[in-house]
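What follows is each chain in one-letter form.
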Amino acid sequence: MPMTSRERVLAAINHEEADRVPLVIGVSNATGIKMKPYQEIKRIAGIEAPDNYLYDWPELGTAEIDEETMLRLHSDVRGVLDLEPEHVRRRNREREPHSNCIDSWGSGQTEISPGDWYPGVHPITEARKVEDLELYQGWPDMSDPSRVAHVKETAKRLADDSQFAILATPWLLFPFERAHAMQGMDTFLVNMVTERDFAVALLEKIAVYCKQLMGHFLEQLGDHVDIIKIGDDLGTQESLMISPRMYRRILKPVHADFISFIRERTDAKVMFHSDGDVAPLIDDFVEIGVDILNPIQTSAGTMSDLPMLKKRYGKNIVFCGGVDSHRILPHGSVDDVRKEVKRVIGALGPGGGYMLGAVHTVMNDVPPENVLAMVDAVEEYGRYPLR
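Each value, and the rule that gives it
Residues numbered from 1 in each chain as written. Predicted model: local features only at pLDDT ≥ 70, side-chain atom pairs only at ≥ 80, totals over all residues. Heavy atoms only, no water. Helix = DSSP H or I, 4+ residues; strand = E, 2+ residues; numbered from the N terminus. Rg over C-alpha atoms; globule rule 2.2 N^0.38 Å. Buried < 20%, exposed > 50% of the residue type's maximum accessible area, 1.4 Å probe, protein only. Contact = heavy atoms within 4.5 Å. Areas by Shrake-Rupley, 256 points an atom, 1.4 Å probe, with all protein chains shown as cover. Lys, Arg positive; Asp, Glu negative; His and termini not counted. Charge placed at Lys NZ, Arg CZ, Asp CG, Glu CD. Pairing = 2+ DSSP bridges. Core = buried A, V, L, I, M, F, W, Y, C linked by side-chain atoms within 4.5 Å. Right-handed = clockwise from strand over helix to strand, strands pointing away. Salt bridge = Lys/Arg side-chain N within 4 Å of Asp/Glu carboxyl O. Axes fitted to C-alpha atoms, helices over the stretch in contact; angles between N-to-C directions. Parallel < 35°, antiparallel > 145°, perpendicular 65-115°, else oblique. Left-handed = near helix turned anticlockwise from the far one by under 90°. Nonpolar A, V, L, I, M, F, W, Y, C, P; charged D, E, K, R; others polar. Polar contact = N/O pair within 3.5 Å; in protein donor to acceptor, adjacent residues only side chain to side chain.

### Focus on the overall build of the protein
On a plain count of helices and strands, the protein comes out with 15 helices and ten strands. Taking 21 Å as the expected radius of gyration for a compact globule of 387 residues, we find that the protein reaches 20 Å, a close match to that expectation. Projected onto the principal axes, the alpha-carbon positions of the protein cover approximately 60 × 45 × 40 Å. Counting every position in the protein, which comprises 387 residues, the buried fraction comes to 57%. Taking the contacts inside the protein whose residues are at least 6 apart along the sequence as the reference set, 74% of them involve residues at least 24 apart. Of the accessible surface of the protein, which amounts to about 16300 Å², a share of 50% is contributed by carbon and sulfur atoms. Separation between the mean location of the 43 positive side-chain charges and that of the 61 negative ones in the protein comes to 4 Å.

Structure below.
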């Protein structure tokens, strides 16, 4: 008898084989679809639905996928999100066209070409001392009720329906990425080496605000959540952005504290998102309580060795993602995509503990036919027992 999507996901995240490999697509910026391919998927499928943006944030460029399209994509999850405060969203809606888009932290995006936005506004670039953090007047109000006013109703509706797994994706840049947004990536990475006390203080201060928002978010969710997604991009195409030693000394304690904070308030599984080759840190992720690792960037270094990942870590962590978005999805043929799905499922799917998705957001250069080929191939190749 076929499982519901929620039953399918719950089996996978408990390292059990379901009726098929679950599909995770369309519910967060890390698992979503940009507006252009979304529009083209709707056109091919004959679906009429509005072009809304995830998090009510057009500059992010990620589409809020309508329910009919989610069904066409066979997505087994539905998202519950928070929002930037209403006054921030209103200010950005009403600002001068093409001017900088500023978030509630004072950081933001600059339009580098028509419709393309880049994180280029860093409010505390010059800060180097712990006391500089106290002088900054732009720290966010995480208790603004408009951030989470919709969360309880949305989560309850999904829970009452009980068809889809609930993947909660609060609008947080986790401390490492938020520090990049506040200072600029190059500046903060240098400060981690030359101004260690300051770097630690900044990470810890950011984490305080992240926990404040997460606390309000989890309170509104109640028991109506299966997975909480958090994340910090730590990897590059070939290695890590910082050494394993620096991660363990400076950032791992911050991550561990935040995950502990979450676990004290919910039984939901913790999904950690990090691009790049993070294989040297997987044991650390397991140690601090990560249940699910996303997106398994198969184009990056050791992460390409899927049989090794499954053999070494598959009993301790669930893998989510894995379908290459660097080469296969944007540049491959439909047949290439189908073969990639079959390969990835063959490596990561046996025994459960795997949910398929694209490696990060489906970008504007991905043909809609390839997205549909990916999700349809899961129906063909992802049925248990795997062929």
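This is not the end of the story, as more comes after the structure.
### A few points about the sheet that holds strand β3 (residues 108-113)
Spatial strand order, β2-β3-β4: three strands in an open sheet with antiparallel pairing. Taken across any chain shown, the strands that pair with only one partner, and hence form the sheet edges, are β2 (101-102) and β4 (116-121). Here four bridges tie β3 to β4, and the two strands are oriented antiparallel to one another. Directly across from Gly108, in β4, lies its bridge partner Val121.

### Describing the nonpolar core
Met214, Leu221, Ile228, Ile230, Met355, Leu356 and Met374 are the most contacted members of the largest nonpolar core, which totals 116 residues. In terms of residue count, the dominant contributor to this core is helix α9 (residues 196-221) (14 residues). Not counting chain neighbours up to four residues away, the residues in contact with Leu356 comprise Val21, Pro22, Leu23, Val24, Gly321, Val323, Val341, Ile345, Met374 and Val378.

### Brief notes about the pairing of strand β6 (residues 227-231)
Burial runs high along β6: five of the five residues are buried. Here β6 shows two buried faces, one formed by Ile227, Lys229 and Gly231 and the other by Ile228 and Ile230. Examined bridge by bridge, strand β5 (residues 165-169) and β6 share two bridges and lie parallel to one another. Following the sheet pairing, Ala168 is matched in β6 by Ile228. In this structure, β6 lies alongside strand β7 (residues 269-273), joined through five bridges in parallel fashion. Residue pairing for β7: Ile228 is matched across the bridge by Val270. Taken together, β6, helix α10 (residues 244-263) and β7 constitute a β-α-β crossover, and its handedness is right-handed.

### Topic: the pattern of salt bridges
Going through the model one piece at a time under the given rule, you end up with 32 salt bridges. When the shortest N-O distance is used, the salt bridge between Lys252 and Asp284 registers 2.8 Å. A residue pair is termed long-range when its members are at least 10 positions apart, and Lys252 in helix α10 and Asp284 in helix α11 (residues 282-287) qualify at 32 residues. Looking at Lys252, the relative accessible area reads 11%, which means it is buried. Exposure remark for Asp284: the relative accessible area of 5% places this residue in the buried category. Bridged by salt links that share partners, the residues Arg8, Asp19, Arg20, Asp76, Glu379 and Arg383 form one connected network.

### Thoughts on the packing of helix α7 (residues 175-183) against α9
The relative placement of two packed helices comes down to the angle between their axes together with the axis-to-axis distance. Where α7 contacts α9, the axes come no closer than 9 Å and their chain directions differ by 110°. Classed by the angle they form, the pair α7 and α9 counts as roughly perpendicular. Between α7 and α9 lies a crossing of right-handed hand. Touching Pro175, Phe176, Arg178, Ala179 and Gln183 of α7 are Phe198, Leu202, Leu203, Ile206 and Ala207, all from α9. Of the residues assigned to the contact of α7 with α9, the class counts are eight nonpolar, one polar and one charged.

### With respect to the packing of helix α8 (residues 185-194) against α9
In the contact formed by α8 and α9, the axes pass within 5 Å of each other and the chain directions differ by 125°. Between α8 and α9, the angle is such that the two are oblique. Residues Phe188, Asn191, Met192 and Thr194 of α8 form the contact with α9, whose own contacting residues are Arg196, Phe198, Ala199, Leu202 and Leu203. Split by residue class, the contact of α8 with α9 holds six nonpolar, two polar and one charged.

### Comments concerning the side chain of Gln297
Of note, Gln297 is situated in the loop between β8 (292-294) and α12 (306-313). Side-chain polar atoms of Gln297 contact the backbone nitrogen of Gly276, separated by 2.7 Å.

Function-wise, these values are silent; they only describe arrangement.
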